[in-house]
Amino acid sequence: AGRALVFTIEGPIGPATADYIHRGFGRLVEEGADLVVLRIDTPGGLDASMREIVRDILASPVPVAGWVGPAGARAASAGAYILMATHIAAMAPGTAVGAATPVALGGPGTPPPDGNGGDGGKGKDGGDAGGEEGPRRPGLMDKALEDAAAYMRSLARLRGRNVEWAERFVREAKSLSAEEAVELGVADLPAPSIEELLAAIDGRRVKMDGREVVLGTAGMAVVAVEPDWRTRLLAILTNPNVAYLLLLIGIYGIVLEFYSPGLTGPGLVGAISLLLALYALAILPVSYVGLALVLLGAALLVAELFIGSFGVLGVAGIVSLAAGGLLLFEEDVPGFAVSLWLVTGVAGGGGALLLAAGWMVAKSRLRRVEIGPERIVHARATVLSWHEGEGEVRFEGEVWQARGPRELALGTEVEVVGREGLVLEVRPVAREEGRP
């Protein structure tokens, strides 16, 4: 009966998903697979990761079926390209496919260029540019759009699907329900479940390396291939929020180790965190401007601790950390941006630490001096002997020479008001002050 291996593409598509599919497809012959089923439920993901998965599908030694399911799932953006690349495209009722316009360069809500290159030859104020309508020079968004549209057309044409609607997914961000996709030839058939999909495609012919292959899927054993520990670890490390936190932990851990040599712990944790963060940043679409702002913010906060600029450097560091976190990754795709709540938490935590440090500094200035010559001012002493404005007093268990008022009785409690060399200047404690 054969074996059908089921791989799950769920959530944002990134390096972890691409690695999971690539290593799984590399073991198809070893696993004795006769068919691969990709269960798709994704809002989209990184363009580079999507293209890696598509290349693996096109190079697969066995037929690949894409199934958007279960009910409520979607194959949006990068998921639409993957579904279009499969030999068999099936969708469960209540699912959708489409909305594949690239947003990395234009940002969310950016309208796609029109036939004249994007603005119809209009000037900034909405009027005709130079009095005449004319095409403008193509920009980066135009190039990205044309590349994505051509890629989608080629995949649809390769699998004999509706090329026009496949291109509309890209140019107009259109989406179709499962029923509409099957009716318009974007998907091949409806399938409520993987078992029903295998039963429905039994006897179908698909093209593999220029030859036709008849599928014998009836009674196939369905084997789910779950992500292993490596894929799960990679998914965690390539999460932008985790990468951002690891970067900050690494920087501050190493700084703390240099500030207090010999602690060992902060240095080890910082080094490991920094290496993991650099690994994640190496495979994610990092904005160097955002990374520079994060590093600058960390440096400013460290400088505030060492220099003490009354909060100026600290505030600038917090603002730089927040801005760097929001700009750290270039592509604006679901699941690959630093959370605004995390950035707010980091900025709020930094601000709280800054306020706490300022409060401690202010409190320390109001405290009585505990060390140094100044600490004896306003301290109390007891007269041991006195004559003509000079004598000896007992101060903190020691006998000191002192001078002050002309007459002081033995045992009188006096207050130290100053010191000149090894001689204390004292005065009697005023009774009306209520002091003992």
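Residues numbered from 1 in each chain as written. Predicted model: local features only at pLDDT ≥ 70, side-chain atom pairs only at ≥ 80, totals over all residues. Heavy atoms only, no water.

### Regarding the overall build of the protein chain
Line of reasoning, step 1. Counting secondary structure elements, the protein chain contains 14 helices and 16 strands.
Line of reasoning, step 2. Intrachain contacts of the protein chain at a sequence separation of at least 6 include 63% that bridge at least 24 residues.
Line of reasoning, step 3. When the accessible area of the protein chain is evaluated, it comes to approximately 22,800 Å², of which 60% is carbon and sulfur surface. (Helix = DSSP H or I, 4+ residues; strand = E, 2+ residues; numbered from the N terminus. Contact = heavy atoms within 4.5 Å. Areas by Shrake-Rupley, 256 points an atom, 1.4 Å probe, with all protein chains shown as cover.)

### Quick notes on the pairing of strand E2 (residues 35–41)
Line of reasoning, step 1. In terms of residue burial, E2 counts as a mostly covered element, since 6 of its 7 residues are buried.
Line of reasoning, step 2. Pairing analysis gives 7 bridges linking strand E1 (residues 3–10) to E2, with the strands arranged parallel. Along E2, the bridge assignment pairs Ile 9 with Ile 40.
Line of reasoning, step 3. Handedness of the E2-helix H3 (residues 47–58)-strand E3 (residues 64–68) crossover: right-handed. (Buried < 20%, exposed > 50% of the residue type's maximum accessible area, 1.4 Å probe, protein only. Pairing = 2+ DSSP bridges. Right-handed = clockwise from strand over helix to strand, strands pointing away.)

### Here's the deal with the sheet that holds E1
What holds strands together in a sheet is hydrogen bonding between their backbones, with the strands either parallel or antiparallel.
Line of reasoning, step 1. Ordered in space as E8-E5-E3-E2-E1-E11, the 6 strands form an open sheet in which the pairing is parallel. Edge strands, defined here as strands with exactly one partner in the open sheet, are strand E8 (189–190) and strand E11 (221–225).
Line of reasoning, step 2. Two elements, E3 and strand E5 (residues 88–91), share 4 bridges in a ladder whose sense is parallel. Bridging from a neighbouring strand, Ala 65 pairs with Ile 88 of E5.
Line of reasoning, step 3. Sheet strands touched by helix H1 (residues 15–25): E1, E2, E3 and E11. Its angle to E1, the strand with the most contacts, is close to 170°. (Axes fitted to C-alpha atoms, helices over the stretch in contact; angles between N-to-C directions.)

### Here's the deal with helix H5 (residues 140–158)
Line of reasoning, step 1. Under the 1.5 Å per step criterion, the end-to-end length of H5 is 27 Å for 19 residues, consistent within 8% with the ideal 27 Å.
Line of reasoning, step 2. What H5 keeps buried is the set Met 141, Asp 142, Leu 145, Ala 148, Ala 149, Tyr 151, Met 152, Leu 155 and Ala 156.
Line of reasoning, step 3. Gly 160 sits one or two residues past H5 and shows a positive phi near 70°. (Expected span 1.5 Å × (residues − 1).)

### What about the nonpolar core?
In globular proteins that are soluble, nonpolar side chains generally tend to be buried together.
Line of reasoning, step 1. In terms of nonpolar packing, the biggest core is built from 50 residues, with Phe 7, Leu 38 and Ile 82 touching the most fellow members.
Line of reasoning, step 2. When near neighbours in sequence (up to four residues on either side) are disregarded, Leu 38 contacts Phe 7, Ile 9, Ile 21, Phe 25, Ile 57, Val 64, Ala 65, Gly 66, Trp 67, Ile 82 and Thr 86.
Line of reasoning, step 3. Formed by 27 residues, the second largest nonpolar core is a distinct cluster that contains Leu 248, Leu 284, Val 294 and Val 338. (Core = buried A, V, L, I, M, F, W, Y, C linked by side-chain atoms within 4.5 Å.)

### Focus: the environment of Ala 148
Line of reasoning, step 1. With respect to the helices and strands, the residue Ala 148 is situated in helix H5.
Line of reasoning, step 2. For the pair Ala 148 and Thr 101, spaced 47 residues apart in sequence, the C-alpha to C-alpha distance is 7.7 Å.

### Focus on the environment of Leu 328
Line of reasoning, step 1. Note on placement: Leu 328 falls in the loop between helix H13 (312–326) and helix H14 (340–366).
Line of reasoning, step 2. Separated by 38 residues in the primary sequence, Leu 328 and Gly 290 have C-alpha atoms spaced 4.1 Å apart.
Line of reasoning, step 3. The contacts of Leu 328, once residues within four sequence positions are left out, are Tyr 244, Pro 285, Val 286, Ser 287, Gly 290, Leu 291, Val 294 and Val 338.

### Here's the deal with the side chain of Glu 167
Line of reasoning, step 1. Along the chain, Glu 167 turns up in helix H6 (residues 163–171).
Line of reasoning, step 2. The exposure class assigned to Glu 167 is buried, which follows from its relative accessible area of 19%.
Line of reasoning, step 3. A distance of 3.1 Å separates a polar atom in the side chain of Glu 167 from a polar atom in the side chain of Arg 153.
Line of reasoning, step 4. In this view, Glu 167 contacts Ala 149, Met 152 and Arg 153; residues no more than four positions away in its chain are not counted. (Polar contact = N/O pair within 3.5 Å; in protein donor to acceptor, adjacent residues only side chain to side chain.)

### Remarks on the packing of aromatic side chains
Line of reasoning, step 1. Here the structure, examined in full by the defined rule, presents 5 aromatic pairs.
Line of reasoning, step 2. For the pair Phe 395 and Trp 400, a centre-to-centre distance of 6.1 Å together with 80° between the ring planes defines the contact as edge-to-face. Both residues of the pair, Phe 395 and Trp 400, belong to the buried class.
Line of reasoning, step 3. In textbook terms, an aromatic cluster arises when at least three aromatic residues are bridged by ring pairs, as seen for Phe 7, Tyr 20 and Phe 25.
Line of reasoning, step 4. The ring of Tyr 151 carries the charged tip of Arg 51 above its face, separated from the ring centre by 4.2 Å. (Phe/Tyr/Trp six-rings, centres within 6.5 Å; stacked < 30°, edge-to-face > 60°. Lys NZ or Arg CZ within 6 Å of the ring centre and 35° of its normal.)

### Considerations on the pattern of salt bridges
Line of reasoning, step 1. Evaluated as defined, the whole model comprises 18 salt bridges.
Line of reasoning, step 2. The partner of Arg 3 in a salt bridge is Glu 31, and the shortest N-O contact between them spans 3.6 Å. Linking Arg 3 in strand E1 with Glu 31 in helix H2 (residues 28–31), this pair joins segments that are 28 residues apart in sequence.
Line of reasoning, step 3. A relative accessible area of 28% places Arg 3 in the partly exposed class.
Line of reasoning, step 4. Two residues, Glu 420 and Arg 403, come together in a salt bridge whose shortest N-O distance is 2.3 Å. (Salt bridge = Lys/Arg side-chain N within 4 Å of Asp/Glu carboxyl O.)

### Topic: a nonpolar patch on the surface
Line of reasoning, step 1. The grouping of Leu 256, Tyr 259, Phe 306 and Ile 307 at the surface amounts to a nonpolar patch, some 460 Å² of accessible area in total.
Line of reasoning, step 2. Mapped by element, the contributors of at least two residues to the nonpolar patch are helix H10 (240–259) and helix H12 (288–307). (Patch = residues over 30% accessible without salt bridge, like charges linked within 9 Å, V, L, I, M, F, W, Y side chains within 5 Å.)

### Thoughts on H3
Line of reasoning, step 1. Compared with the 16 Å implied by 1.5 Å per residue over 12 residues, the 16 Å span of H3 between its first and last C-alpha is a close match.
Line of reasoning, step 2. Buried within H3 we find Ser 49, Met 50, Arg 51, Ile 53, Val 54, Asp 56 and Ile 57.
Line of reasoning, step 3. Where H3 is buried, its residues contact E1, H1, E2, E3, helix H4 (78–85) and H5.

### Topic: the confidence of the model for the protein chain
Line of reasoning, step 1. Predicted confidence across the protein chain gives a mean pLDDT of 82, with 81% of residues reaching 70 or more.
Line of reasoning, step 2. Residue range residues 105–134 is modelled with pLDDT below 50. Its contacts to residues more than four positions away, or to other chains, number 33 contacts.
Line of reasoning, step 3. Confidence drops under pLDDT 50 across residues 432–436; counting only partners more than four residues distant or on other chains, this segment forms 5 contacts. (pLDDT = per-residue confidence, 0-100.)

### Brief notes about the packing of H5 against H6
Line of reasoning, step 1. As a packed pair, H5 and H6 sit with axes 9 Å apart at the nearest point and diverge in direction by 155°. Taken as axis vectors, H5 and H6 run roughly antiparallel relative to one another. Crossing geometry of H5 relative to H6 is assigned as right-handed. Residues Leu 145, Glu 146, Ala 148, Ala 149, Met 152, Arg 153, Ala 156 and Arg 157 of H5 form the contact with H6, whose participating residues are Val 163, Ala 166, Glu 167, Phe 169, Val 170 and Arg 171.
Line of reasoning, step 2. Grouping the amino acids of the contact of H5 with H6 by side-chain chemistry returns 9 nonpolar, no polar and 5 charged. (Parallel < 35°, antiparallel > 145°, perpendicular 65-115°, else oblique. Left-handed = near helix turned anticlockwise from the far one by under 90°. Nonpolar A, V, L, I, M, F, W, Y, C, P; charged D, E, K, R; others polar.)

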